[in-house]
Amino acid sequence: MRAAGVSFPEVLQTRGEYQMKPPLPFVPGSEVAGVVRSAPPDSGLAEGDRVAAFCGLGGFAEVAVAPAFLTFRLPDALDFAEGAGLILNYHTAYFALVLRGRLTSGETVLVHGAAGGVGTASLQVAKGLGARTVAVVSTDEKAQVARAAGADEIVRSDGPWKDDVRALGGADVVIDPVGGDRFLDSLRALREGGRVVVVGFTGGSIPEVKVNRLLLNNTEVIGAGWGGYVMPKPEVNREIGAAVDGLVERGFARPVVVARLPFADAAAALQLIDERRATGKVVLDVDGGGAGGLRS
Ligand SMILES: NC(=O)c1ccc[n+]([C@@H]2O[C@H](COP(=O)([O-])OP(=O)(O)OC[C@H]3O[C@@H](n4cnc5c(N)ncnc54)[C@H](OP(=O)(O)O)[C@@H]3O)[C@@H](O)[C@H]2O)c1
């Protein structure tokens, strides 16, 4: 292990509020980057390969185990910290935009929580797929992060963002990892035939929809649960992995690692996310790449 990604689901897990509730005690950490110690002969991987992997649990550790079908050779362009931010967010973004949201080139994508992990990945993937992107953020600092991740337009969640988006022509696809009270305005910001893709609920509450709104404007609300969908489908994982690799190679996808903390500060890393202070991807340097980290 060289680096471990820290994500919102881990914050929820530490509170027992995530859909998957592992028996206590457990080691959190769903995604990692490092060097292969051993791999099954038919995996296409060998000892010494640089990889990014999704292990689900147990990633905040010096050695981790992941299924072969969720272990991907790390593109040369990415370092280990970036690799630790690749799978959960970028596979989710691609899954939500393409497999669920049916995004086509030239459409407009609105991304909530756009400076966050899923948000920055969604902006980059959408740009790589030829979309126009609109980011919704809560602060000026987050606006800068979203702009750097590829936002063509920025609107502020504390302003009249729905009207701003309509003035920009409306959205074909909304990627929503936030939920809460902005959901209704997401529906109102859609163009005819538009899709709101439900990705998460960082806002804290799960919205409800009056379905007459969908009928009146010919719109859709679509759920996107990456893990539940792809886990039993190794071939889909490989397809998404190949598509994400292509986006990395073409320079569109590069995890925005904003905070690198030493392994010993895993709790502080979770707090950064919990207190809404994180932007981009938060990563733990397991091999001591960050100040004060552990070295094996
Ligand atoms: N469906 C799936 O398959 C899937 C996969 C991965 C993650 N997820 C979910 O996606 C969500 C986002 O994950 P992430 O890793 O991108 O999180 P993140 O990096 O912490 O970003 C979340 C963003 O949500 C916004 N937000 C709004 N209200 C918030 C609040 N009360 N507390 C914290 N953030 C708030 C923040 O942006 P502003 O401050 O700009 O509003 C923040 O940047 C999580 O719910 C996670 O569980 C789902």
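About the thresholds
- Residues numbered from 1 in each chain as written.
- Predicted model: local features only at pLDDT ≥ 70, side-chain atom pairs only at ≥ 80, totals over all residues.
- Heavy atoms only, no water.
- 1 Å grid on protein atoms, 1.4 Å probe; cavity = no way out; pocket = protein on both sides within 12 Å on 5 of 7 lines; lining within 4 Å.
- Points joined across faces, edges and corners; volume = space filled by probe spheres on them.
- Helix = DSSP H or I, 4+ residues; strand = E, 2+ residues; numbered from the N terminus.
- Nonpolar A, V, L, I, M, F, W, Y, C, P; charged D, E, K, R; others polar.
- Pairing = 2+ DSSP bridges.
- Axes fitted to C-alpha atoms, helices over the stretch in contact; angles between N-to-C directions.
- Contact = heavy atoms within 4.5 Å.
- Near = heavy atom within 4 Å.
- Polar contact = N/O pair within 3.5 Å; in protein donor to acceptor, adjacent residues only side chain to side chain.
- Phe/Tyr/Trp six-rings, centres within 6.5 Å; stacked < 30°, edge-to-face > 60°.
- Buried < 20%, exposed > 50% of the residue type's maximum accessible area, 1.4 Å probe, protein only.
- Lys NZ or Arg CZ within 6 Å of the ring centre and 35° of its normal.

## Observations concerning the layout of surface pockets
Then step 1. Estimated volume of the second largest pocket: approximately 530 Å³.
Then step 2. Lining the second largest pocket are 25 residues; nearest its centre among them are V35, V36, R37, S38 and A64.
Then step 3. Mapped by element, the contributors of at least two residues to the lining of the second largest pocket are β2 (31-35) and β3 (50-54).
Then step 4. The leading source of residues in the lining of the second largest pocket is β2, at four residues.
Then step 5. Residue composition of the lining of the second largest pocket, grouped by class: 17 nonpolar, four polar and four charged.

## Comments concerning the sheet that holds β3
Through backbone hydrogen bonds, the strands of a sheet pair up, either in parallel or in antiparallel fashion.
Then step 1. Strands sit in the order β4-β3-β2-β1-β12-β11 across an open sheet of six strands; the sheet is mixed. At either margin of the open sheet sits one strand with a lone partner, and together these are β4 (71-73) and β11 (257-262). Strand-to-strand, the axes of this sheet are offset by a mean angle of 25 degrees, without reference to chain direction.
Then step 2. For strand β1 (residues 3-6) and strand β12 (residues 281-285), the ladder comprises four bridges, and the chain directions are antiparallel. Counted as the bridge partner of G5 is V283 from β12.

## Digging into the sheet that holds strand β6 (residues 132-137)
Then step 1. Strand order in the open sheet made by the six strands is β7-β6-β5-β8-β9-β10, with parallel pairing throughout. In this open sheet, the two strands that pair with only one neighbour each are β7 (153-156) and β10 (220-223). Averaged over all pairs of adjacent strands, the angle between strand axes in this sheet comes to 20 degrees, irrespective of strand direction.
Then step 2. As judged from the four bridges shared by strand β5 (residues 108-111) and β6, these two strands associate in the parallel manner. Bridge pairing links V111 to A135 in β6.
Then step 3. The sheet strands contacting helix α5 (residues 140-148) are β6 and β7, and the helix crosses β7 at an angle near 155 degrees.

## Considering the site of the ligand
Then step 1. In the vicinity of the ligand there are 24 residues, among which V118, S138, K142, A224 and W226 approach most closely.
Then step 2. Note that an oxygen atom of the ligand is positioned 2.8 Å from one of the backbone N or O atoms of V118.
Then step 3. Taking K142, its side chain carries an N or O atom lying 2.6 Å from an oxygen atom of the ligand.
Then step 4. Elements supplying a minimum of two residues to the shell around the ligand: α1 (8-14), α3 (87-100) and α4 (117-128).
Then step 5. Here the residues of the shell around the ligand are counted per class, giving twelve nonpolar, nine polar and three charged.

## Concerning the packing of aromatic side chains
Then step 1. With the rule as written, the count across this model stands at two aromatic pairs.
Then step 2. Relative to Y229, the ring of F95 has its centre 5.0 Å away and its plane inclined at 40 degrees; by these criteria the two rings are tilted. Linking F95 in helix α3 with Y229 in helix α9 (residues 226-230), this pair joins segments that are 134 residues apart in sequence.
Then step 3. A relative accessible area of 1% places F95 in the buried class.
Then step 4. A relative accessible area of 33% means that Y229 is categorised as partly exposed.
Then step 5. When the ring centre of Y229 is taken as origin, the NZ or CZ atom of K233, which lies over that ring, is 3.7 Å away.

Treat this as a map of the structure, not an account of what it does.
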